[in-house]
Each structure stands twice: as structure tokens, then as C-alpha cells.
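Working through the structure, step by step
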Amino acid sequence: MITAILVDDEENNLSALKEKINRHCKEVKIIAICDNAEMAIKSIDSLQPDIVFLDIEMPVMNGFLMLQQLSFKNFELIFATAYDHYAIKAIQFSALDYLIKPIEIEDLKRAVNRAVEKKNNTIPNKQLELLLENLVTSKQTYRRIAIPTASGLEFIKTDDIVCLEASINYTYLYLDDGVKYTVSRTLKDFEDMLPAELFLRIHNSYIINKNYIKRYIRGEGGQVVMSNGMVLDVSKRKKAEFLKSIGH
């Protein structure tokens, strides 16, 4: 059995989430329900749950400030938010789950299944540490990103990413040291996450780190030669944007 604590300042949201978990996530046992951050801190530190469902916006102390006050942090974290919150990018960078209210049952079940799987692997939760690091960093300068791989999670520096290549619903990440990762996220997911002043979509299939451009070859759209030797097409549609971004 997996234990969980629910944290939300709105009683209706707590009741709805409790009912959905009890009906559709039988492996989860709710051990505390908290309607404010102070109560949540005491409950989490004393009961040490496996999963915490956390609302972002709460009065007095929001969910992120609450996380910084915890002594016990080795739990799987699932955020719940009523809208596309400003910190969603930091959450995505940390490979944490978030659910948009009203929470859909299938989304809830998928998030719980991922949390249970990660918890069963008994790997220390470094994602929360990365989230807190990203939250105190400028939104445009997140230094590390957690990427899900077949064996778990890899934590890499964004500055080390040379380029990304689309492969249907997967993305290949090529790093400066020659390592290649296959990630179960779309290229669009990464385009939304990565800082636009550093990463540029040059083609339906490619995103590049401008710091690793070695040469540009003229043509209808042209091609870029990256520092790792890869030669990538620039689409005709993206050519003007690409040239502008590199100062031409």
C-alpha cells in the first residue's frame, strides 16, 4: 500500500480528489488531508508519506514555499493547479507530474502509476531538490533538467545539450561529451521548456543550442554544422528566424 497526503486550501478540491483516489487508485491510502501549508508541513514531516498531492496557490504560504520548509522530502510529488501556472516550466524541468484542475481520472491514474513505479524503485527523490533549485533560479537560466530514460532519470546540464532530434513521440538528446539519450517526450515538449534565447527550432525535426553552431551552409533553407559534426537542415520556413537569431 502507498500512503498519500493531500494538500489544498479549498475543501471542494480536497473532497473531489479524495473521492477520485479512493475510487480509482486502490493502491493509495490517504493518511492525512491538509487545508493549509502549516498543517501540511507537520503532517508530512511526522507521517512521511510516499506521495504528496500539492496545490500550488494557497494563502499565507504557497506550495513552493511549503516545500522549502520541509525536513522530510523523500516522497513522490504530484502538483495540482487550476491554471497554467508560471512555475510549470520549473516543474517540467524536474520531470515532476502536475494535474490541471478539474483533475481528469485518467490523468490522475497515470500520475499515480508513475509515482508508485518510482517509489518502488527505492531511488532517492532528487527531483524535488532540482525543483527547488530551479525555483530560485531565473526562469530563463535553469541549469539542470531531469529527463526520463528507460533506466530511470538522468540529471543533465542544459548547457551541455548540443541539439535535439525528433523521432515520432520520442526525442534524441545529443550532449557535448558525445552521449545520446532517447527520451519519451516530443520535440514540442522540449521546445516549450528550453530557454528560447539559447535553443532554436530550425526544423520540424531539430532544435539546436546556438552555442554549439560551428558553421552555416547556404541553401534554400541551408544547413548548420554543429560542434559534434552533425549536419542539420534548416527548413525554408525557419531560415529567416534562424539567421536573425544568430545576428545575420
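Presented here is an overview of the structure given in this document. These figures come from a predicted structure and were not determined experimentally.

Reading the values: the criteria
- Residues numbered from 1 in each chain as written.
- Predicted model: local features only at pLDDT ≥ 70, side-chain atom pairs only at ≥ 80, totals over all residues.
- Heavy atoms only, no water.
- Helix = DSSP H or I, 4+ residues; strand = E, 2+ residues; numbered from the N terminus.
- Buried < 20%, exposed > 50% of the residue type's maximum accessible area, 1.4 Å probe, protein only.
- Areas by Shrake-Rupley, 256 points an atom, 1.4 Å probe, with all protein chains shown as cover.
- Pairing = 2+ DSSP bridges.
- Axes fitted to C-alpha atoms, helices over the stretch in contact; angles between N-to-C directions.
- Expected span 1.5 Å × (residues − 1).
- Arc of directions from axis to C-beta.
- Contact = heavy atoms within 4.5 Å.
- Lys, Arg positive; Asp, Glu negative; His and termini not counted.
- Salt bridge = Lys/Arg side-chain N within 4 Å of Asp/Glu carboxyl O.
- Right-handed = clockwise from strand over helix to strand, strands pointing away.
- Parallel < 35°, antiparallel > 145°, perpendicular 65-115°, else oblique.
- Left-handed = near helix turned anticlockwise from the far one by under 90°.
- Nonpolar A, V, L, I, M, F, W, Y, C, P; charged D, E, K, R; others polar.
- Core = buried A, V, L, I, M, F, W, Y, C linked by side-chain atoms within 4.5 Å.
- Disulfide = S-S within 2.5 Å.

Attention shifts here to the overall build of the chain. Secondary structure summary: the chain contains eight helices and 15 strands in total. Dimensions along the principal axes, computed over C-alpha positions, put the chain at roughly 60 × 35 × 30 Å. Taken over 248 residues, the chain has a buried fraction of 47%. Working note: accessible area of the chain is about 12700 Å², and carbon and sulfur atoms make up 48% of it.

Moving on: the sheet that holds strand β13 (residues 213–217). Taken together, three strands build an open sheet; the order of strands is β13-β14-β15 and the sheet is antiparallel. The open sheet has two edge strands with one neighbour each: β13 and β15 (231–233). Strand-to-strand, the axes of this sheet are offset by a mean angle of 25°, without reference to chain direction. Here strand β14 (residues 223–226) runs beside β15; their pairing, made up of three bridges, is antiparallel. Its bridge partner lying in β15, V225 is registered against V231.

So, about helix α5 (residues 105–120). If you check α5, its first and last C-alpha atoms are 22 Å apart, about what 16 residues at 1.5 Å a residue would give, namely 22 Å. Listed in full, the buried residues belonging to α5 are L108, A111, V112, A115 and V116. When α5 is viewed along its axis, its buried side chains cluster within an angular range of 135° and face the same direction. In α5, the exposed residues that point more than 90 degrees away from the buried face are E117 and N120. Elements in contact with the buried residues of α5: β1 (2–7), α1 (11–24), β2 (28–34), β3 (51–55), β4 (76–81) and β5 (97–100).

This part is about the side chain of R185. Assignment of secondary structure puts R185 in the loop between β10 (180–183) and α7 (187–193). The charged side chain of R185 is buried without a salt bridge, its nearest counter-charge being D189 at 5.4 Å. Ignoring sequence-local partners within four residues, the contact set of R185 consists of Q92, A95, A146, P148, N169, Y170, T171, F190 and M193.

Here we take up the pairing of β4. The element β4 is extensively covered by neighbouring structure, given that six of its six residues are classed as buried. Side chains of β4 alternate between two faces, with E76, I78 and A80 and L77, F79 and T81 buried alike. Two strands pair when backbone bridges link them, and β3 and β4 are joined in this way by five bridges, in the parallel orientation. Of the residues in β4, the one forming a bridge with D55 is A80. Since β3 and β4 lie parallel, the crossover through helix α3 (residues 63–69) that links them has a hand, and here it is right-handed. Examined bridge by bridge, β4 and β5 share four bridges and lie parallel to one another. Within the sheet, the bridge partner assigned to F79 lies in β5 and is Y98.

Packed helix pairs are characterised by how far apart their axes lie and by the angle those axes make with each other. Where α1 meets α5, the axes come as close as 11 Å, and the angle between the chain directions of the two elements is 70°. It follows from the interaxial angle that α1 and α5 lie roughly perpendicular. Two packed elements cross with a definite hand, and for α1 against α5 that hand is right-handed. Mapping the contact onto sequence places L17, K20, I21 and H24 in α1 and I105, L108 and K109 in α5. In terms of residue class, the contact of α1 with α5 is made up of four nonpolar, one polar and two charged.

Across the sheet, five strands lie side by side as β10-β9-β8-β12-β11; this open sheet has antiparallel pairing. Each edge of the open sheet is held by one strand with a lone partner, namely β10 and β11 (199–203). Adjacent strand axes in the sheet meet at a mean angle of 20° when their direction is disregarded. When strand β8 (residues 161–167) meets strand β12 (residues 206–209), the two strands line up antiparallel, connected through three bridges. By the bridge assignment, L164 is partnered in β12 with I207.

As a further point, take the nonpolar core. If you look at the biggest cluster of nonpolar residues, it comprises 28 residues, and the most contacted ones within it are M66, L67, L77, F79 and L131. Contributions of two or more residues to this core are made by β1, β2, α2 (37–47), β3, α3, β4, α4 (88–93) and α6 (126–135). Among the elements that take part in this core, α2 stands out by supplying four residues, more than any other. If near-sequence neighbours (up to four positions away) are discounted, M66 is found in contact with V7, A37, A40, I41, I44, L54 and M61.

A few words now on the state of the cysteines. Considering all chains together, one arrives at zero disulfides under this definition. C25 takes part in no disulfide bond, and the closest cysteine sulfur, belonging to C34, lies 19 Å away. Overall, C25 belongs to the buried group, its relative accessible area being 2%.

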